[in-house]
Amino acid sequence: MSTAARTRFLRPVLPHDLGVEVVERKGVGHPDTLADSIAELASIRYSAYCLREFGAVLHHNLDKVAVLGGRARFGDRDGTYDRPVRVIFGGRISTSFAGRAIPVREILEDAAAEQLAAALPGFNRITWQVQHETTDSSKFAHWFAPRGLEDLPERPTAFSNDNAFLVGTAPRTTAESVALLTEAWFRRQPWAGSDIKALVIRDGHALTVTTCVPTVAGHLSSSAEFDDAVRHTVQELTTELLKRLPGPVTVVCNTRNTRTGPLSGQYFTVSGSAIDYGEDGLVGRGNARSGLITPGQQAGNEALFGKNPAYHVGKVGGWLVDEAARALAEQAGPCRIAVMWRNGDRYPEPASLDITTSGPDAAGPELVRDTLRRTDWVPDLVHGQRYLPVVLPVDELLAELDPPALP
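Residues numbered from 1 in each chain as written. Predicted model: local features only at pLDDT ≥ 70, side-chain atom pairs only at ≥ 80, totals over all residues. Heavy atoms only, no water.

Novice: When you look at the sheet that holds strand 2 (residues 20–26) in this model, what are you seeing that I'm missing?
Specialist: Strand pairing in a sheet relies on backbone hydrogen bonds. The paired strands run either parallel or antiparallel. Spatially, 2-13-14-16 is the arrangement adopted by the four strands of the open sheet, whose pairing is mixed. Every interior strand has two partners, whereas the edge strands, strand 2 and strand 16 (249–253), have only one. Put simply, the sheet's adjacent strands are angled 10° from each other on average, direction ignored. Note that strand 14 (residues 206–212) and strand 16 share five bridges and pair parallel. In the strand pairing of strand 16, threonine 208 is matched with threonine 250. (Pairing = 2+ DSSP bridges. Helix = DSSP H or I, 4+ residues; strand = E, 2+ residues; numbered from the N terminus. Axes fitted to C-alpha atoms, helices over the stretch in contact; angles between N-to-C directions.)

Novice: Could you clarify how one ought to interpret the pattern of salt bridges in this entry?
Specialist: Where charged atoms from two side chains of opposite charge approach closely, those side chains can pair. Counted by the stated rule, this structure contains 32 salt bridges. With a shortest N-O distance of 2.7 Å, glutamate 53 and arginine 100 are connected by a salt bridge. Here glutamate 53 is found in helix 1 (residues 31–54), whereas its partner arginine 100 is found in strand 10 (residues 100–101), with 47 residues between them in sequence. By relative accessible area, glutamate 53 is classed as partly exposed at 31%. Judged by relative accessible area, arginine 100 falls into the partly exposed class, the value being 37%. Put simply, glutamate 366 and arginine 369 hold a salt bridge, and the shortest N to O gap is 3.5 Å. Of this pair, glutamate 366 and arginine 369 both sit in helix 6 (residues 364–372), three residues apart, which is roughly one turn of that helix. What you see here is one network of salt bridges that share partners, running through Glu323, Arg326, Glu330, Arg374, Asp376, Asp380 and Arg386. (Salt bridge = Lys/Arg side-chain N within 4 Å of Asp/Glu carboxyl O. Buried < 20%, exposed > 50% of the residue type's maximum accessible area, 1.4 Å probe, protein only.)

Novice: Hey, could you run me through the confidence of the model for the protein in this one?
Specialist: Regions with low pLDDT should not have their predicted coordinates read in detail. The predicted model of the protein averages 92 in pLDDT, with 93% of residues at 70 or higher. Contacts from residues 1–5, a stretch scored under 50 in pLDDT, to residues over four places away or in other chains number eleven contacts. (pLDDT = per-residue confidence, 0-100. Contact = heavy atoms within 4.5 Å.)

Novice: Any chance you could explain the packing of helix 3 (residues 174–187) against helix 8 (residues 394–401) here in plain terms?
Specialist: Packed helices, taken two at a time, are described by the angle between their axes plus the distance between the axes. The contact between helix 3 and helix 8 brings their axes to 9 Å, and the two run at 155°. Here helix 3 lies roughly antiparallel to helix 8, going by the angle between them. Our pair here, helix 3 against helix 8, has a crossing hand that is left-handed. Facing helix 3, whose interface residues are Thr174, Ser177, Val178, Leu180, Leu181, Ala184 and Trp185, helix 8 presents Val394, Leu397, Leu398, Glu400 and Leu401. Taken together, the residues of the contact of helix 3 with helix 8 break down into nine nonpolar, two polar and one charged. (Parallel < 35°, antiparallel > 145°, perpendicular 65-115°, else oblique. Left-handed = near helix turned anticlockwise from the far one by under 90°. Nonpolar A, V, L, I, M, F, W, Y, C, P; charged D, E, K, R; others polar.)

Novice: Would you mind going over the nonpolar core with me for this structure?
Specialist: The nonpolar side chains of a soluble globular protein tend to be buried, and buried together. Of all hydrophobic cores here, the largest spans 72 residues; its most connected members are Trp341 and Trp377. In terms of residues, this core owes the most to one element, helix 1, which gives twelve residues. In this structure, Leu180, Val200, Leu237 and Leu245 belong to the second largest nonpolar core, which totals 32 residues. (Core = buried A, V, L, I, M, F, W, Y, C linked by side-chain atoms within 4.5 Å.)

Novice: Please explain the side chain of asparagine 287 as it appears in this structure.
Specialist: Secondary-structure assignment places asparagine 287 in the loop between strand 18 (281–282) and helix 5 (313–332). In this structure asparagine 287 comes out as buried when scored by relative accessible area, which is 6%. A distance of 2.8 Å separates a polar atom in the side chain of asparagine 287 from the backbone oxygen of lysine 26. Residues within four places of asparagine 287 in sequence aside, it is in contact with Glu24, Arg25, Lys26, Thr33, Asp36, Leu292, Ile293 and Phe305. (Polar contact = N/O pair within 3.5 Å; in protein donor to acceptor, adjacent residues only side chain to side chain.)

Novice: What should I look at first to understand the packing of aromatic side chains in this one?
Specialist: The description of two aromatic rings rests on the distance between their centres and on the angle between their planes. Under the criterion given, the structure shown has eleven aromatic pairs. Each ring, one from tyrosine 49 and one from phenylalanine 54, has its centre 6.1 Å from the other, and the planes form 75°; the classification is edge-to-face. With respect to burial, tyrosine 49 and phenylalanine 54 carry one shared label: buried. Geometrically, the ring pair formed by phenylalanine 123 and tryptophan 128 is tilted, given 6.3 Å between the ring centres and 50° between the ring planes. One aromatic cluster is present, formed by Phe74, Tyr267, Phe268 and Tyr277 through successive ring pairs. (Phe/Tyr/Trp six-rings, centres within 6.5 Å; stacked < 30°, edge-to-face > 60°.)

Structural data, given as structure tokens:
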């Protein structure tokens, strides 16, 4: 830690202690999450290729992906695409190493296909295409066309490539777990699409969950059947939450649905997502790396999806603060760690470090500093796919809500 860095042991309000907490989740099929996940998987696949072929992750930032919605024409119970979804890859990327060409287009297109297939239950019924707008522009001649590993200056010692403020909190709050559980609970239903949005408000111990869930063509035959399926799933989720939480719980779903007529009058999809209606998605407009939108964390707005896992502060710094928060929470309970790095800072030497815990813990600052000295992030980010958006297991999320066992 440099002498200029500040270590403060403060107690502002933790997200766990807020009187009112608001949490939002955009599900894996939401257009913004599709953009995030395609960018992230493209970076993962490209990084894995580089590590396998060259022994290092080459310079790239694929965090400028757009998913432009297609168009489905709907009948009463089905729909057909007549305008494709377009995946537009932007950002900068190395296209060669030591004069050897890298199959960038194939890697990116395969990643887009893989992620769309994983996220959209109706993937096989949509049409889509890829547009490449990546560049290799740089003021450094060999930044995106390295002659060898010596053209990767971050390899000996990684350092922040920008000014950034990163926040990590742990463990998840009740509202955070419920937002993730809401998506996971509905995704278990064979009729449900993946463009699920959940908004959770906790006011004291009272919890209100508002969610929007599409149906997918081929599973339900009428609006009444859709309403019954939604109502049954809402009742099941409410019952499970009431078993585990100390206060009242209200769950509502699809508040704008019409209750008569054909399915096409409701949230009815071919793919499982609003991309059927021309809705667009962009990296960084949705969930944070936690998979949630959490204003109570007082975090910055760094979007890590598609960024270089070798050194980019938005990704490496995020991983470090998340690991630090996890380690500290295991020892001291709920915590918040906020770190600022300036351009050129080594990761163990941030410009500012603020630690907030539920109570005093003299070992906390050193535990955090030890985590900031770690250099093992690449395997977790690439091979472990740490921040690739996914639907978490229901059992895992229910366990987070279970009361602690008595000694």
